[in-house]
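# Notes for the structure review
Residue-level listing of the chains:
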Amino acid sequence: MSFELRDHTADVGVAATGERLEDVFAAVADGLAAASCDAIPDDGGDRFSVSVAAESREALLFDYLDELIYLRDVRIALPVDHRVERIDGSDDDEWRLEGSACGVPLDAVDAREIKAVTYSEMRLEDVGDGWEAYVVFDV
């Protein structure tokens, strides 16, 4: 599981890989945290649950990242150390994600504001030996 930040005009792109779908979702979320600050403290704060549902796999990725941005603003804490325990669904049914993250208080990091996740250039693919994703965030 890994991620890479990529320059993208006034936005920031995150390219991620993972062996399982859950791994690539967590890697994109870790990329979101890395794009938000230069260094993440070792003490990740309190762990909290994250649950989302959507009509497609891609919409689930979008809604998951959107929920993390919302939780950052509501909890006043940067979500880090993402764990996606389960993703269930099919193209004929609703997709669901159950996971968790730790919240680092925003006053403990020099955070940049990531305003939103976008569908612009979003890609989520099964590449045979794992998964790849690319997501652009509005900064």
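That block above? That's the structure.
Note that the coordinates shown come from a computational prediction; the quantities given were computed from them, not determined experimentally.

Rules of the game
Residues numbered from 1 in each chain as written. Predicted model: local features only at pLDDT ≥ 70, side-chain atom pairs only at ≥ 80, totals over all residues. Heavy atoms only, no water. Helix = DSSP H or I, 4+ residues; strand = E, 2+ residues; numbered from the N terminus. Rg over C-alpha atoms; globule rule 2.2 N^0.38 Å. Buried < 20%, exposed > 50% of the residue type's maximum accessible area, 1.4 Å probe, protein only. Areas by Shrake-Rupley, 256 points an atom, 1.4 Å probe, with all protein chains shown as cover. Lys, Arg positive; Asp, Glu negative; His and termini not counted. Charge placed at Lys NZ, Arg CZ, Asp CG, Glu CD. Phe/Tyr/Trp six-rings, centres within 6.5 Å; stacked < 30°, edge-to-face > 60°. Lys NZ or Arg CZ within 6 Å of the ring centre and 35° of its normal. Pairing = 2+ DSSP bridges. Axes fitted to C-alpha atoms, helices over the stretch in contact; angles between N-to-C directions. Salt bridge = Lys/Arg side-chain N within 4 Å of Asp/Glu carboxyl O.

Attention now goes to the overall build of the protein chain. Of regular secondary structure, the protein chain possesses 2 helices and 7 strands. Secondary structure of the protein chain in N-to-C order comes out as β-β-α-β-α-β-β-β-β. Its C-alpha atoms give the protein chain a radius of gyration of 14 Å, near enough to 14 Å, the size a compact globule of 139 residues would have. With the principal axes as the frame, the protein chain shows a C-alpha extent of 45 × 35 × 25 Å. Here the protein chain, with 139 residues, has 47% of them falling under the buried criterion. Put simply, the protein chain shows about 7100 Å² of open surface, and 43% of that area lies on carbon and sulfur atoms. Side chains of the protein chain give 12 positive and 34 negative charges; the mean places of these two sets differ by 2 Å.

Looking now at the packing of aromatic side chains. A complete count under the given rule lists 2 aromatic pairs for this structure. An angle of 0° between the planes, with centres 4.3 Å apart, marks the rings of Phe 62 and Tyr 119 as stacked. Note that Phe 62 is positioned in helix α2 (residues 57-75) and Tyr 119 in strand β6 (residues 116-126), a separation of 57 residues in sequence. In this structure, Arg 75 packs its charged tip against the face of Phe 48, placed 4.0 Å from the ring centre.

With that settled, consider the sheet that holds strand β4 (residues 77-88). Taking strand neighbours across the sheet as the criterion, the 3 strands line up as β3-β5-β4 in an open arrangement whose pairing is antiparallel. With one partner strand each, in any of the chains shown, β3 (46-54) and β4 form the two edges of the open sheet. Strand after strand, the sheet turns through a mean of 25° between neighbouring axes, direction not considered. Note: β4 against strand β5 (residues 95-105), 9 bridges, orientation antiparallel.

The next thing to look at is the pairing of β5. Along β5, 8 of the 11 residues are buried, which leaves the element largely enclosed by surrounding structure. Note: β3 against β5, 9 bridges, orientation antiparallel. Bridging from a neighbouring strand, Ala 53 pairs with Arg 96 of β5. In textbook terms, the turn of a hairpin is the stretch between consecutive antiparallel strands, and for β4 and β5 this stretch comprises 6 residues, one of which, Gly 89, has a positive phi near 150°.

To continue, consider the pattern of salt bridges. If charged atoms from side chains of opposite charge come close, those side chains can pair. What the rule picks out here adds up to 10 salt bridges. Where Asp 81 meets Arg 83, a salt bridge forms, and the shortest distance between an N and an O atom there is 3.5 Å. Residue Arg 83 is classed as partly exposed on the basis of its relative accessible area, which comes to 41%. By sharing partners, the salt bridges in this structure join Arg 20, Glu 22 and Asp 23 into a single network.

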